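Examining the three-dimensional arrangement
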Amino acid sequence: MIKLFSLKQQKKDGDQTARGGQQKKASAAQLRIQKDINELNLPKTCATEFPDSDDLLNFKLIISPDEGFYRDGRFVFNFRVGSNYPHEPPKVKCATQVYHPNIDLEGNVCLNILREDWNPVLTINSIVYGLQFLFLEPNPEDPLNKEAADVLQSNRRQFEYNVKKAMRGGIVGETYFECCLK
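Residues numbered from 1 in each chain as written. Predicted model: local features only at pLDDT ≥ 70, side-chain atom pairs only at ≥ 80, totals over all residues. Heavy atoms only, no water.

The protein chain goes by E2 NEDD8-conjugating enzyme in an unreviewed UniProt entry, where it is assigned to Drosophila virilis. The UniProt entry for the protein chain carries the following text under Catalytic activity (unreviewed entry): "[E1 NEDD8-activating enzyme]-S-[NEDD8 protein]-yl-L-cysteine + [E2 NEDD8-conjugating enzyme]-L-cysteine = [E1 NEDD8-activating enzyme]-L-cysteine + [E2 NEDD8-conjugating enzyme]-S-[NEDD8-protein]-yl-L-cysteine." Taken verbatim from the UniProt record of the protein chain, the Pathway (unreviewed entry) comment is "Protein modification; protein neddylation." (UniProt positions renumbered as here; feature names shortened; annotations may be inferred.)

See below:
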């Protein structure tokens with residue numbers, strides 16, 4: 001009788017351990033981001049970093065343009081993918097302070113596919129190419145940094161000078177920029 005009781009208890013303990021050892025089911029956002037990352041086709045000027053390899057919902061994108069105003073710079077973007085992804089776009093912030101018409105001094109990014117033009121069929125790859133395009137062709141028509149946009153529209157040479165000065169680590173207007181050259 002005692003033996004039977006101990007076998008029942010062992011089986012019960014084993015069942016509880018097995019249940020407790022199961023991993024949580026992946027959310028739709030986790031499944032989709034895993035698919036997006038597996039299919040990521042980064043240009044040679046971009047790289048990703050995952051500070052926590054178990055957390056695909058938070059990562060960094062590094063863009064190092066090889067042409068245009070921002071050539072030889074290194075710009076880091078933080079991606080935070082929410083639980084409603086892909087129905088809502090990820091939150092993207094520029095961690096590198098940059099003199100750019102479409103990126104404000106707090107790191108907010110003005111890219112239409114991160115706002116009103118987001119669609120669930122878009123992927124992380126779409127955002128990467130959109131961000132890269134902002135460095136190749138800054139858009140003064142839809143600015144977050146109005147001062148940079150005004151200079152770009154009125155005096156391209158001065159804008160280029162301001163960008164280089166900011167990237168080397170200098171003061172533009174009343175703002176100090178840390179060096180972001182690679």
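Having put the structure on the table, let's press on.
**What to know about the sheet that holds strand β3 (residues 75–80)**
As summarised here, the arrangement of the four strands in space is β1-β2-β3-β4, forming an open sheet in which the pairing is antiparallel. Looking at which strands have only one partner, the edges of the open sheet turn out to be β1 (46–49) and β4 (91–94). Each adjacent strand pair in this sheet contributes to an overall mean axis angle of 25 degrees, direction not counted. Here six bridges tie strand β2 (residues 58–63) to β3, and the two strands are oriented antiparallel to one another. Across the sheet, Leu61 pairs through a bridge with Phe77, a residue of β3. (Pairing = 2+ DSSP bridges. Helix = DSSP H or I, 4+ residues; strand = E, 2+ residues; numbered from the N terminus. Axes fitted to C-alpha atoms, helices over the stretch in contact; angles between N-to-C directions.)

**Focus: the packing of aromatic side chains**
This model, assessed by the stated rule, comprises 10 aromatic pairs. Judged by centre distance (5.2 Å) and plane angle (80 degrees), the ring pair of Tyr70 and Phe135 falls under edge-to-face. Remark: Phe135 occurs in helix α3 (residues 124–136) and Tyr70 occurs in the loop between β2 and β3; sequence separation between them is 65 residues. Residue Phe135 is classed as buried on the basis of its relative accessible area, which comes to 1%. Considering the side-chain rings of Phe77 and Phe135, the 6.0 Å spacing of their centres and the 70 degrees angle between planes classify their relative orientation as edge-to-face. Remark: Phe135 occurs in helix α3 and Phe77 occurs in strand β3; sequence separation between them is 58 residues. With respect to burial, Phe77 and Phe135 carry one shared label: buried. Three or more aromatic residues link up through ring pairs in this structure, and these residues are Phe69, Tyr99, Phe159 and Phe177. (Phe/Tyr/Trp six-rings, centres within 6.5 Å; stacked < 30°, edge-to-face > 60°. Buried < 20%, exposed > 50% of the residue type's maximum accessible area, 1.4 Å probe, protein only.)

**Focus on the nonpolar core**
Among the nonpolar cores identified, the biggest contains 43 residues, and Phe77 and Leu131 are the most heavily contacted of them. Where this core is concerned, the elements lending two or more residues are α2 (28–38), β2, β3, β4, α3, α4 (146–154) and α5 (156–168). The element that contributes the greatest number of residues to this core is α3, accounting for six residues. The residues contacting Phe77, other than those within four sequence positions of it, are Phe59, Lys60, Leu61, Ile63, Val92, Lys93, Cys94, Ala95, Ile103, Val109, Leu131 and Phe135. (Core = buried A, V, L, I, M, F, W, Y, C linked by side-chain atoms within 4.5 Å. Contact = heavy atoms within 4.5 Å.)

**Some thoughts on α5**
Taking 1.5 Å per residue, 13 residues should reach 18 Å; α5 reaches 18 Å between its end C-alpha atoms and fits that length. Of all the positions in α5, only Phe159, Asn162, Val163, Ala166 and Met167 are classed as buried. Along the axis of α5, the buried positions cluster into a sector of 130 degrees, meaning they face one direction only. Looking at the buried side of α5, the elements it contacts are β3, α4, β5 (170–172) and β6 (175–177). Looking at the residues trailing α5, positive phi occurs at Gly169, about 100 degrees. (Expected span 1.5 Å × (residues − 1). Arc of directions from axis to C-beta.)

**Concerning the state of the cysteines**
The term disulfide refers to a covalent linkage connecting the sulfur atoms of a pair of cysteines. Overall, the coordinates contain zero disulfides when judged by the stated rule. Here Cys94 stays free of any disulfide, with the sulfur of Cys180 as its closest cysteine sulfur at 8.6 Å. Under the relative-accessibility criterion, Cys94 is labelled buried at 6%. (Disulfide = S-S within 2.5 Å.)

**Quick notes on the pattern of salt bridges**
Within this structure, the stated rule accounts for seven salt bridges. Residues Asp150 and Lys146 are paired through a salt bridge, measuring 3.5 Å at the closest nitrogen-oxygen approach. Highlighted residues: Asp150 and Lys146, both in helix α4, separated by four residues, approximately one helical turn. Judged by relative accessible area, which is 37%, Asp150 ranks as partly exposed. Owing to a relative accessible area of 56%, Lys146 belongs among the exposed residues under this scheme. By sharing partners, the salt bridges in this structure join Arg115, Glu116 and Asp142 into a single network. (Salt bridge = Lys/Arg side-chain N within 4 Å of Asp/Glu carboxyl O.)

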